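# Coordinates in review
Residue-level listing of the chains:
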Amino acid sequence: MLRRTGPSAAALAAQAHSARVHADLADELPDHYLEDLGEDQDLGDLLDGHEPPTGPGADPEAHEELLEKVREARHRIARGY
């Protein structure tokens, strides 16, 4: 009887998809957000831990666009495509 010693093909495909979505998101984000977005970073944690900008020059619309990009990336990962 053969035993599997590693992740299944489906698990590997899901990991690869998640990595692609993270990379796509990293390409879209401003540089100062990239340190918060590691490949293993849960995007829900990124949403929960991100504080909206305050003070002079703060752009609430840009912040909302960022959150929407992260939400869409989470949905893409969950859908698997």
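Preceding this section is the structure that the text describes.
In this text, all values refer to a predicted model and were calculated from it rather than measured experimentally. (Residues numbered from 1 in each chain as written. Predicted model: local features only at pLDDT ≥ 70, side-chain atom pairs only at ≥ 80, totals over all residues. Heavy atoms only, no water.)

Within the chain, the regular secondary structure consists of four helices and zero strands. Listing the helices and strands of the chain from first to last along the sequence gives α-α-α-α. Put simply, the chain has 81 residues, and 22% of those count as buried. Considering only residue pairs separated by 6 or more positions, the chain has 48% of its internal contacts joining residues 24 or more positions apart. When the accessible surface of the chain is totalled, it reaches about 6100 Å², and 50% of it is carbon and sulfur. (Helix = DSSP H or I, 4+ residues; strand = E, 2+ residues; numbered from the N terminus. Buried < 20%, exposed > 50% of the residue type's maximum accessible area, 1.4 Å probe, protein only. Contact = heavy atoms within 4.5 Å. Areas by Shrake-Rupley, 256 points an atom, 1.4 Å probe, with all protein chains shown as cover.)

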